[in-house]
Amino acid sequence: MQNVNQMSRKKKKMKSKGGGSPFLAFLKDERFRYATGIVLILIAFYMLFSFISYFFHWQTDQDFRWAAVFSGPEITVQNQGGKLGAWISDLFINQWFGFPSLLFPLILIAWAIRSVQITLFKVWPLTRNLLILIILLSVTLGLIFGSASGFLGSGPGGAHGYHLSKWLIASLGIVGTSFLLLILFSLFILFTTPVLQKIKEKRERNIKQQTQTENAPDDLKEEPSDPITKGMKEEVNRDDERPEEEFFVHSNIKNEPAADSGDSEKASSDDVEIIVEQEKQEDNIKGEGAAGELQDYDPTLELPHYKLPPISLLTDYDSGDTTVTNEELISNKNRIVETLASYKIKIDKIKATIGPTVTLYEIVPAPGIRISKIKNLEDDIALSLAALGIRIIAPIPGKGTIGIEVPNQTPRIVSMKSILSSRKFQESDFELSIALGKTISNETFTFDLTRMPHLLVAGATGQGKSVGLNAIIASLLYKKHPAQLKFVMIDPKKVELSLFTKIENHFLAKLEDTDDAIITDTQKVISTLNALCAEMDERYDLLQMAHVRNIKEYNKKFISRKLNPEKGHRYMPFIVVVIDEFADLIMTAGRSIETPISRLAQLARAIGIHLVIATQRPTTNIITGVIKANFPARIAFRVASGIDSRTILDGPGADQLIGRGDMLFLSGNEPIRIQCAFIDTPEIDSITDFISVQKGYAGAFELKSVDEDTGEASTIDLRKRDDLFEEAARLVVLHQQGSTSLIQRKLALGYNRAGRIVDQLEAAGILGPSEGSKARQVLAKDEFSLEQILNDL
């Protein structure tokens, strides 16, 4: 009965996966890749065979045309490759590049090897270098031999080399052309071979030896005549040279996400194996120090050349000039005084603070005036000023004044560029620093998401809610490395967060075997949230094993190499879950989505998972008491009614905002009025384009799928095993040690891929179940038992 249930679950999983494009599935099929590799190799050998035959029969097969390839038997050729081979050979050798055309089959063979996923070299640089070499050799042969009395038709360099060399000779002369080719060949050798690096290392070694000789005592500078003493001195010199070649933990990155690596582990016991590579390090020593201790682990070394987006990608909409005139200030002040005086409220002092969209008038009432009396005049003051969005703060926290916020007649746009370039944001040392905009006093408003720890955003359509979400995400992208931060983006509308699809391989996280990184399907939303809960539980287990209380202490301990990856420990990136249109999810998925969100909101703070939930309907059936209790930080853009304002802020105010990014931020007792920074769609495109062109991981950060019925990891489909499954199986049987770290080190894989292989080995019956901090039991005791298991799969 259990086997039947497993088979039914596998069929359901196959049906759900079959919903994608059949063409894309065909292209990703392993059989298609191997078939492509075989076809490319056959084409390469066919071309090579035809080229060699052409060298013997070029006089009869010269100028063979494409139209004659499929002609009748009356037209014959001498080429052993037939009419097609004769035409291809004449095209490449006679009309194009001559003898260097023999390198084209090598390019096809390189791509054939790449198609079967054998990584012997980088195929794109190799293709580029071979094409450049073909062109240079063709021109050189054309310069040396010319047409060579018609040998091979156009000469050894082909028609391309002959005509291009003639043009260069006419322009530069024979000497100038020779010097040009010599320069080009020298540059080609310098940029494609390690010659320059070896010369540099030799020069630096000589300089260091000379410096050591100059700084040595006089008695050591004299060359001893005794051969034994001379040999001892040479041994001393060799010992002195050793420190310049430091040992460091080797990180073999193949464009795959490796959350942590077993090779980066501090050697704390004899059974912990460390792979090291001897390499010269001068500025940044990543290996053993003078005391023989490993340096701190750096998670950013997985993508060492990643650069944060520059501020220049953003547009400056902020002119910086005050848009409130003195006439407007005096007029508003007089009207406020007159309105209060008509109700017999005297004012001792009034002061104005000009903000980007709102001006704050601080008044000091005369002694004996009740504050509640002024607060009840909110509508009367708005009527006298003929302005919307009047808000009275009575009293202003920390001051003995009453504030009246009055919108400016011509509000100023606050650009995201001015916010992110501000000193307050640039110098902030928050874990997850977010810059929202400017306050009434024109100060940049920043906060740490880890201290919130979750954020609830509400606002009616068109009031700036989506721009606010983009500002939050952009702030984090400008501060964090891809190894330190991951996003889970849920967008039921399918258009708001689609701009960030391009950074999937850098910052996004998604379920295993899911094509789209931006989650739009309701069922996948539930599965993703359950997977986040499983990730949360796993992280808490790791915190318990490490005897720490939060992710900050855990990562600090891991970076200092006090945690052993052999026991499952890994570097934990922050995960920010961005959910847009939460009301739509509640309507379509029902209350089944509220349970995982409530769990995450209550427990995920300590392990670095933070929620940012946005909705345009802040009603009580959407934002329930459970959610409000775990979202103390809230952002309210303009809403339709006072009831909605009380739902999101527990008080009025959001219904009196003026819109267009005007918002209230609540994280304490009193909300703060902020003008949200404006960031447009082209700016988001520029940021994502800048990130996407940089080297990223092999895919998005993967979350383990969870069976919604049992809450356990979903069944592994062994028909879709990893390409390195059998190699990993033989590895664990050989070492009789079933650990993810072992597979990482020996096969140079990332943590996520190695973890998937371990799950597949468990499903195949090669490894036993996880036993916490202990290594998994290897069920296959020898090679014979392993072969029997592999044959049965």
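Residues numbered from 1 in each chain as written. Predicted model: local features only at pLDDT ≥ 70, side-chain atom pairs only at ≥ 80, totals over all residues. Heavy atoms only, no water.

**Q** When you look at helix α7 (residues 158-192) in this model, what are you seeing that I'm missing?
**A** A turn of α-helix holds 3.6 residues, and therefore any two residues three or four places apart point the same way. Its 35 residues place the ends of α7 only 25 Å apart at the C-alpha level, less than the 51 Å of an ideal helix rising 1.5 Å per residue. Most pronounced at L172, the bend in α7 amounts to some 110°. Along α7, the positions that sit buried rather than exposed are G158, A159, G161, S165, L168, T177, L181 and F188. Against α4 (82-97) and α6 (123-145) lie the buried residues of α7. (Helix = DSSP H or I, 4+ residues; strand = E, 2+ residues; numbered from the N terminus. Expected span 1.5 Å × (residues − 1). Bend = angle between axes of the 7 residues up to and from the residue. Buried < 20%, exposed > 50% of the residue type's maximum accessible area, 1.4 Å probe, protein only. Contact = heavy atoms within 4.5 Å.)

**Q** How should the packing of helix α11 (residues 326-342) against helix α13 (residues 378-385) be read in this particular structure?
**A** Between two packed helices, the angle of one axis relative to the other and the distance separating the axes together describe the packing. Running from N to C, α11 and α13 cross one another at 135°; their axes reach a closest spacing of 9 Å. Judged by the inter-axis angle, α11 sits oblique to α13. When the axes of α11 and α13 are compared, the crossing they make is right-handed. Between α11, through N332, R335, I336, T339 and L340, and α13, the contact on the second element is made entirely by D380, I381, S384 and L385. Tallied by class, the residues present in the contact of α11 with α13 amount to 4 nonpolar, 3 polar and 2 charged. (Axes fitted to C-alpha atoms, helices over the stretch in contact; angles between N-to-C directions. Parallel < 35°, antiparallel > 145°, perpendicular 65-115°, else oblique. Left-handed = near helix turned anticlockwise from the far one by under 90°. Nonpolar A, V, L, I, M, F, W, Y, C, P; charged D, E, K, R; others polar.)

**Q** Help me understand the packing of aromatic side chains in this model?
**A** Geometrically, a pair of aromatic rings is defined through the distance of the ring centres and the angle of the planes. A full pass over the atoms with the stated rule returns 14 aromatic pairs. A ring pair is formed by F92 and W96, whose centres lie 5.0 Å apart and whose planes are at 70°; its orientation type is edge-to-face. Of this pair, F92 and W96 are both found in helix α4, 4 residues apart, which corresponds to roughly one turn of the helix. We classify F92 as buried; its relative accessible area is 13%. The structure contains a cluster of three or more aromatic residues connected by ring pairs, namely F51, F92, W96, F97 and F104. A cation sits over an aromatic face here: K479 above F425, 5.1 Å from the ring centre. (Phe/Tyr/Trp six-rings, centres within 6.5 Å; stacked < 30°, edge-to-face > 60°. Lys NZ or Arg CZ within 6 Å of the ring centre and 35° of its normal.)

**Q** What is the right way to read the sheet that holds strand β10 (residues 485-490) from this model?
**A** Paired through their backbone hydrogen bonds, the strands of a sheet run either parallel or antiparallel. With mixed pairing, the 9 strands of this open sheet are ordered in space as β8-β7-β16-β15-β14-β9-β13-β12-β10. Across the chains shown, the open sheet's two edge strands, defined by having one partner strand only, are β8 (444-448) and β10. The average angle at which neighbouring strand axes cross in this sheet is 30°, direction not considered. Note: β10 against strand β12 (residues 574-579), 6 bridges, orientation parallel. Bridge pairing in β12 links I490 to I579. Packed onto the sheet, helix α16 (residues 465-477) meets β7 (433-439), β9 (455-458), β10, β12, β13 (609-615) and β16 (672-676) and runs at close to 130° relative to β7. Contacting β10, β12 and β13, helix α20 (residues 582-589) runs over the sheet at an angle of about 90° to β13. (Pairing = 2+ DSSP bridges.)

**Q** Which parts of the structure should I look at to understand the pairing of β8?
**A** The two faces of the sheet receive side chains in turn, since in a regular strand these alternate between them. Burial runs high along β8: 5 of the 5 residues are buried. Every second residue of β8 is oriented toward a common face, with T444, T446 and D448 on one face and F445 and F447 on the other, all of them buried. Strand direction decides the pairing type here: β7 and β8, joined by 5 bridges, are antiparallel. Opposite I434, over in β8, you have F447 as the bridge partner.

**Q** Teacher, can you tell me more about helix α23 (residues 642-649) here?
**A** Across the 8 residues that make up α23, a large majority, 6, are buried. Taken residue by residue, α23 has G642, D644, S645, T647, I648 and L649 as its buried positions. Packed against the buried residues of α23 are β9, α22 (625-629), β14 (633-636) and β15 (662-666). Within two residues after α23, D650 carries a phi angle of roughly 60°, on the positive side.

**Q** Sorry if this is basic, but what is going on with the side chain of T357 here?
**A** With respect to the secondary-structure elements, T357 resides in the loop between β3 (347-354) and β4 (358-365). At 3.0 Å, the side chain of T357 and the side chain of Q675 are in polar contact. Excluding its chain neighbours within four sequence positions, the residues that come into contact with T357 are P407, N408, P411, R412, I658 and Q675. (Polar contact = N/O pair within 3.5 Å; in protein donor to acceptor, adjacent residues only side chain to side chain.)

**Q** Is there a simple way to explain the nonpolar core in this structure?
**A** Considering soluble globular proteins, one finds that nonpolar side chains tend to be buried as a cluster. Core analysis: the biggest nonpolar cluster contains 112 residues, and L455 and F487 have the highest contact counts within it. Per-element tally for this core: the top contributor is helix α18 (residues 522-546), with 10 residues. One finds F725, V732, I757 and V758 within the second-largest nonpolar core, a separate group that totals 22 residues. (Core = buried A, V, L, I, M, F, W, Y, C linked by side-chain atoms within 4.5 Å.)

**Q** Explanation requested: the pairing of β13 in the structure shown.
**A** Counting buried positions along β13 gives 7 out of 7 residues, so the element sits mostly inside the fold. Of the two faces of β13, the one holding I609, L611, I613 and T615 and the one holding H610, V612 and A614 are both buried throughout. Taken together, the 4 bridges between β9 and β13 define a ladder with parallel strand orientation. When the bridges of β13 are listed, V457 appears paired with A614. The pairing of β12 with β13 spans 5 bridges and is parallel.

**Q** Explain a nonpolar patch on the surface here, please?
**A** On the surface, I183, L184, L187, L190 and F191 cluster together into a nonpolar patch covering about 480 Å² of accessible area. Counting through the fold element by element, F191 comes out in helix α7. Taking relative accessible area as the criterion, F191 reaches 70% and is therefore assigned exposed. (Patch = residues over 30% accessible without salt bridge, like charges linked within 9 Å, V, L, I, M, F, W, Y side chains within 5 Å. Areas by Shrake-Rupley, 256 points an atom, 1.4 Å probe, with all protein chains shown as cover. Salt bridge = Lys/Arg side-chain N within 4 Å of Asp/Glu carboxyl O.)

Shape descriptors only; they carry no functional weight alone.
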